[in-house]
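Residue strings, one per chain:
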Amino acid sequence: MKLTKILAVATLSATLTALSLPALPALAATTSCWSLYNTEGAMKRETNTSRQNHGRARLPLDQELSKVARLHSQQMAKAGYAFHTKGAQFESLITGNWTVVHENVGSAQVINADPTYDITRLQTEFMASPTHRENILTAGSDYMGVGVVRKNGYLYVTVLFVEGGNPGTSLRVPTC
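Residues numbered from 1 in each chain as written. Predicted model: local features only at pLDDT ≥ 70, side-chain atom pairs only at ≥ 80, totals over all residues. Heavy atoms only, no water.

1. Thoughts on the confidence of the model for the protein chain
Overall, the prediction assigns the protein chain a mean pLDDT of 79, with 75% of residues at 70 or greater. For the protein chain, the element scoring lowest by mean pLDDT is strand β1 (residues 6-12), at 49; helix α5 (residues 130-137) scores highest, at 97. Counting contacts from residues 1-8, a segment whose pLDDT is below 50, to residues more than four positions away or on other chains yields 19 contacts. (pLDDT = per-residue confidence, 0-100. Helix = DSSP H or I, 4+ residues; strand = E, 2+ residues; numbered from the N terminus. Contact = heavy atoms within 4.5 Å.)

Structural data, given as structure tokens:
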């Protein structure tokens, strides 16, 4: 039986100003190790705390999925506004056995010397938005990926939730 892949999305941003979406940049092979940024770790903790507070299981962070999320956050930072990944782009980047990807994207102006404060504030806004909240609390999610980029006084955040198994990716993620 062929499974249909579904993309569920939610955007939260005060900076959303345009509807045209930039194309993904060419994917270069990476030679350095992937590691989690402090803000990405904070977003993972905030997301899992929200899930636990509502009776949901904590989600493991998938580093390949996080690399996809970080790439998208880099694209949003370059554009200067939050936008969603097109479905075909997901299918070219996220391989594996997934059936549904939920995507939360947002941007927040950095207002504190400690950017994890702004991550907490953004998570509070995500939980106040019915669509974002639904994506965060989806019981069927198996993995999450987090990408956070800081540019020009803003944080650009992408959180991916995958249902249906290990997502895999077409991006190269070297092991260290």
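Having seen the structure, we can now continue with the description.
2. Remarks on the packing of aromatic side chains
This structure, assessed with the given rule, holds 2 aromatic pairs. For the ring pair Tyr-81 and Phe-83, a centre distance of 5.4 Å and an interplane angle of 55 degrees mean the geometry is tilted. Relative to Tyr-156, the ring of Tyr-154 has its centre 6.3 Å away and its plane inclined at 40 degrees; by these criteria the two rings are tilted. Accessibility expressed as a relative area gives 4% for Tyr-156, which makes it buried. The ring of Tyr-37 is capped by Arg-70, whose NZ or CZ atom sits 3.6 Å from the centre of that ring. (Phe/Tyr/Trp six-rings, centres within 6.5 Å; stacked < 30°, edge-to-face > 60°. Buried < 20%, exposed > 50% of the residue type's maximum accessible area, 1.4 Å probe, protein only. Lys NZ or Arg CZ within 6 Å of the ring centre and 35° of its normal.)

3. Side note on the packing of helix α1 (residues 38-53) against helix α4 (residues 115-128)
Between α1 and α4, the least distance of the axes is 9 Å, while the angle of their chain directions is 35 degrees. At the point where α1 passes α4, the crossing takes the right-handed sense. Between α1, through Asn-38, Thr-39, Ala-42, Met-43, Glu-46, Thr-47 and Ser-50, and α4, the contact on the second element is made entirely by Pro-115, Thr-116, Ile-119, Thr-120, Gln-123, Phe-126 and Met-127. (Axes fitted to C-alpha atoms, helices over the stretch in contact; angles between N-to-C directions. Left-handed = near helix turned anticlockwise from the far one by under 90°.)

4. Topic: the pairing of strand β4 (residues 154-163)
By the criterion of burial, β4 is predominantly enclosed, with 9 of the 10 residues buried. Sheet analysis places strand β2 (residues 100-109) next to β4, joined by 10 bridges and oriented antiparallel. Bridged to Gly-106 within β4 is Val-157. Inspection of the sheet shows strand β3 (residues 141-151) paired to β4 by 10 bridges, in the antiparallel sense. Residue pairing across strands places Lys-151 opposite Tyr-154, the latter belonging to β4. (Pairing = 2+ DSSP bridges.)

5. Quick look at α4
Taking 1.5 Å per residue as the helical rise, α4 with its 14 residues ought to reach 20 Å, and the 20 Å between its terminal C-alpha atoms agrees with that figure. Listed in full, the buried residues belonging to α4 are Pro-115, Asp-118, Ile-119, Leu-122, Gln-123, Phe-126 and Met-127. (Expected span 1.5 Å × (residues − 1).)

6. Quick look at the nonpolar core
Taken as a class, soluble globular proteins show a tendency for nonpolar side chains to be buried jointly. Membership of the largest hydrophobic core comes to 18 residues, with the highest contact counts inside it found for Met-43, Ile-119, Val-148 and Val-157. The set of elements that each furnish at least two residues to this core consists of α1, α4, α5, β3 and β4. Leave out the neighbours within four places in its chain, and Val-157 touches Met-43, Ser-73, Met-76, Asn-104, Val-105, Gly-106, Ile-119, Leu-122, Phe-126, Gly-147 and Val-148. Val-68, Ala-69, Phe-90 and Val-162 belong to the second largest nonpolar core, which has 11 residues in total. (Core = buried A, V, L, I, M, F, W, Y, C linked by side-chain atoms within 4.5 Å.)

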